[in-house]
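Here is how the chains run, residue by residue.
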Amino acid sequence: MEIALPSSSSSSPPPAEGVGGVVNLVWVDLMVMQPNPGTGPTRRLINGLTGYALGGRIMAVMGPSGSGKSTFLDSLAGRLSTNVVMSGKIFVNGRRRKLNDSIGAYVTQECDFLGTLTVRETLVYSAKLRFPKGTTRDEVNDAVERTMSVMGLQDCADNFVGNWLRRGISGGEKRRLSIGLEILTQPRLLLLDEPTSGLDSAASFFVVMALRNLALQGRTIISTFHQPSTQAFALFDDLLLLSKGETVYFGEAEKAIEFFAEAGFPCPNRRNPSDHFLICINLDFDSVRSTLRGSFRLKDVKDFTEEASTSDGSFMDLPPTAEIRARLIEKYQSSKYAPQVKSRAQELSTSEGSVFVELRESQAAWLTQLTALTKRSFINMNRDIAYYWVRVFLYTAVSISAGSIFYNTGHNFIITSVQDRGAAGVFIFGFMMVLVIGGFPSLIEEMKVLYKEWLNKHYGVGVYMLSNSISSLPFLVAISCISSAITYYMMKYHSGFSHFAFFTLDFFLSLAFMDSCTLLIAAFVSNFLTCALLGAFVVVIMITTCGYYRSFPDIPSVPWKYPVYYINYMTWALQGALKNELIGVEFEPLQQDQPKIPGERVLRTWLKIPMLHSKWWDLVLIAALLLASRLLFFFAMKFKESFMPIYRRFYAKKRVRQLKKRPSFRNMPPLSFPSKRHQPMHTLASQEGLHSPLH
């Protein structure tokens, strides 16, 4: 990430200068493969791509769906999934970069935001998390206003982004907001995956014009486009045309029409060049065209034949799309363009330019990040009623229900009184904790934003973990106080404020531990149903191994006693609650002439709870488990950040060596025309009822 803030008086972003200067990106023989776990052929998502992107120019990557456009960008940005391997070389200003290392700013197709924030708030908090230390509030506001002006977001600046519960801005506005978040810090290298997807032609042209202006400031822009308009296509400097992971054309965009004409497929005057290119190389609908052509009336076929006929024959003799694609690829390899690209890529990869120092870590102060994240997280929790407010209501309702069911447990009859207290404790510290599952939808949405910002190095995991703990604290305290007050006094527990305070603290630590477990689950599972099942599974295991349904001496050793019993928060929460309630209390005996039974005796003999430590140590153990769960989340995320790139590089090298030993990998299919015996003849004219691109 590169940050270059304009002064408050400037009306436009400054030119791309400073550390790194202009960025020239080169990729040589880039290949991404999806290995077949069996002995079948390996699927090549992109196959031997060579090219370059120069500073001050916008390069468009085009191709039909499934051609490898997003995979190509993911490989440059270091965002490939773990089930694929990559080989090849990537150079930045003449210096080789490690594969799978993140380069530049990346705008993905997914628009992940906190829906409870407005457009302005989203940009402001993002700026505070990344801008250098010492940046004033006026400078932040100026940068945000400039970004909204560039992306046309002024009219919706104070509208909520929106989520599953709250209606917000449109899909096109979300797409522009995604771009705005990345250009906020004016990166030298900007990668965009279909930034115009879901936009109308006018909005698409506006976005491309904004990208064009960024390129004119010296920045390097690489973007995929599905099907740009003619006006948008005219703004592209360079074009990479892909089909099934192979290069059909690479070079200046304006010369692509000339290349297709030289190959024998000229673009008609009234056709959009991008439409023409995709029609010529899209292999997905050959069978569909055949079906449609077969359904034409005989008169329609005759009309089309007469319209498409040439001196060489009728349109029935025209080649299918697969053959057109093969001829284009062969033409590109034998044309002047391919040698020029390889020569230029070799020149750029060996001539070292200015050192591109990519500031991977955020330049904001740690305390500034903590403050901004805490405020943003608290606003999100407060505005999203499904995050905590629904749980506040549910805990209140369940507490009233539990209090009425276990109303006035009393101290008269020892069997029913102790049994009721134990059952009430299991219900309060066990079953009531299941309600934390209700926060998964909002938490999953927040984790998606966290993961995106974490990959872009906006902040560290430790800052987020601490900010999440601080912002959730008021809600957890409120739930604990309300639930404890209702259940404690309705059940007529041990009188005295100190006992009530202990019960409330016990409930709070248990709730905080389960809330931390939901955070840990949501960090690795993004599906709500799976998260809910895992959360319920954890609670069930905690309840069954807490020592109430089966006493500690009778619990099987491995794994239920060692280690589940000891790392079970409910073990210590229930023991602490029963000690707090029974110590100092006497129960009426079963027979009138017997002395009263002290609570300590009930704990040792009836409930078989070891009295080796006081109830306060039980709270300390729960707090230790809470801290351990937070640290587990921290180290798990750090492990993914530090170890996974090393593992992926090692796995890729090992897997490539294995794949090269396979005959199916070594023997590449030749770029020849497909067999007519297995490939039916389908014409391009049958797709749109016009003349073939051959004529």
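See the structure above.
The residue numbering used here restarts from 1 in each chain and proceeds along that chain's sequence as written. Restriction of local features to residues with pLDDT of at least 70 applies here, the model being predicted, together with a cutoff of 80 or more for giving and counting side-chain atom pairs; totals for whole chains, interfaces and linings are based on all residues. Side-chain numbers here rest on the full set of heavy atoms in the structure, without hydrogens or water.

Chemist: What am I meant to see in the sheet that holds strand β5 (residues 95-97) here?
Modeler: Adjacent strands of a sheet pair through backbone hydrogen bonds, lying either parallel or antiparallel. Pairing in this open sheet of four strands is antiparallel, and the strands run β2-β1-β4-β5 from one edge to the other. Each edge of the sheet is formed by a strand with only one pairing partner; in this case those strands are β2 (43-53) and β5. Adjacent strand axes in the sheet meet at a mean angle of 15°, parallel and antiparallel pairs treated alike. Inspection of the sheet shows strand β1 (residues 25-34) paired to strand β4 (residues 85-92) by seven bridges, in the antiparallel sense. Counted as the bridge partner of Leu 25 is Val 92 from β4. Note on contacts: a residue pair is in contact if any heavy atoms of the two residues lie within 4.5 Å. Comment: axis = line fitted to C-alpha atoms, over the contacting stretch for helices; angle = value between 0 and 180 degrees taken between N-to-C directions. For the purposes of this entry, the term helix denotes a DSSP run of H or I that reaches at least four residues, the term strand denotes a run of E that reaches at least two, and both are numbered from the N terminus. Here helix α1 (residues 69-77) sits on the sheet in contact with β1, β2 and β4, set at roughly 115° to β1. Of the strands in this sheet, β1, β2 and β4 touch helix α12 (residues 337-350), which is tilted by about 70° from β2. Only when DSSP finds a minimum of two bridges between them are two strands counted as paired.

Chemist: Could you clarify how one ought to interpret the side chain of Asp 506 in this entry?
Modeler: As for its placement among the helices and strands, Asp 506 is situated in helix α18 (residues 497-524). Residue exposure (1.4 Å probe, protein chains only): buried if accessible area is under 20% of the type maximum, exposed if over 50%, otherwise partly exposed. None of His or the chain ends enter the tally, which takes Lys and Arg as positive and Asp and Glu as negative. Whenever Lys or Arg places a side-chain nitrogen within 4 Å of a carboxyl oxygen from Asp or Glu, that contact is recorded as a salt bridge. Here Asp 506 is buried and forms no salt bridge, its nearest opposite-charge partner Lys 615 lying at an N-O distance of 9.6 Å. When neighbours within four sequence positions are excluded, Asp 506 is seen to be in contact with Phe 429, Ala 573, Gly 576, Ala 577, Leu 619 and Ile 622.

Chemist: Can you walk me through the packing of helix α21 (residues 569-582) against helix α22 (residues 599-606) in this structure?
Modeler: Each pair of packed helices gets described by two things: the angle between the helix axes and the distance between those axes. Between α21 and α22, whose axes approach to 8 Å, the crossing angle comes to 145°. Here the hand of the crossing between α21 and α22 comes out right-handed. Residue-level inspection shows Leu 578, Lys 579 and Leu 582 of α21 in contact with α22, the latter providing Gly 599, Glu 600, Val 602 and Leu 603. In this scheme the crossing of two helices becomes right-handed for a clockwise turn of the near helix relative to the far one and left-handed for an anticlockwise turn of less than a right angle.

Chemist: I keep staring at the pairing of β1 and nothing clicks. Help me out?
Modeler: Across a regular strand the side chains alternate sides, sitting on one face of the sheet and then on the other. Counting buried residues along β1, seven of its 10 residues qualify, which places the element largely inside the surrounding structure. Sheet topology note: the β1/β2 ladder contains seven bridges and is antiparallel. The residue bridging Val 26 from the neighbouring strand is Tyr 52, located in β2.

Chemist: Would you take a moment to explain the pattern of salt bridges for this structure?
Modeler: One side chain can pair with another of opposite charge once the charged atoms of both are near each other. All chains considered together, the criterion is met by 11 salt bridges. As a salt-bridge pair, Glu 121 and Arg 383 come within 2.8 Å of each other at their nearest N and O atoms. Placement of the pair is Glu 121 in helix α2 (residues 119-130) and Arg 383 in helix α13 (residues 366-383), with a sequence separation of 262 residues. A salt bridge links Arg 325 to Glu 246, with the shortest nitrogen-to-oxygen separation between them at 3.0 Å.

Chemist: Looking at this structure, how should I read the packing of α2 against α13?
Modeler: At a minimum axis separation of 8 Å, α2 and α13 run at an interaxial angle of 155°. Taken together, the axes of α2 and α13 are roughly antiparallel relative to one another. Handedness of the α2/α13 crossing: left-handed. Only Thr 368, Gln 369, Ala 372, Leu 373, Lys 375, Arg 376, Ile 379 and Arg 383 of α13 make contact with α2, whose side of the interface consists of Glu 121, Tyr 125, Lys 128 and Leu 129. Residue polarity is assigned by list, with Asp, Glu, Lys and Arg as charged and Ala, Val, Leu, Ile, Met, Phe, Trp, Tyr, Cys and Pro as nonpolar; anything else, Gly included, falls into the polar class. For the contact of α2 with α13, the class distribution of residues is five nonpolar, two polar and five charged. Roughly parallel here means an angle under 35 degrees, roughly antiparallel means over 145, roughly perpendicular means 65 to 115, and every remaining angle is called oblique.

Chemist: How do you make sense of the pairing of strand β7 (residues 189-193) when you look at a structure like this?
Modeler: With five of five residues buried, β7 is to be regarded as a mostly interior element. Alternating residues of β7 divide into Leu 189, Leu 191 and Asp 193 and Leu 190 and Leu 192, and every residue in both groups is buried. Here β7 runs beside strand β8 (residues 220-225); their pairing, made up of five bridges, is parallel. Bridged to Leu 191 within β8 is Ile 222. A clockwise path from the first strand over the helix to the second, with the strands pointing away from the viewer, defines a right-handed crossover. With helix α5 (residues 201-216) bridging β7 and its parallel neighbour β8, the resulting β-α-β unit is right-handed.

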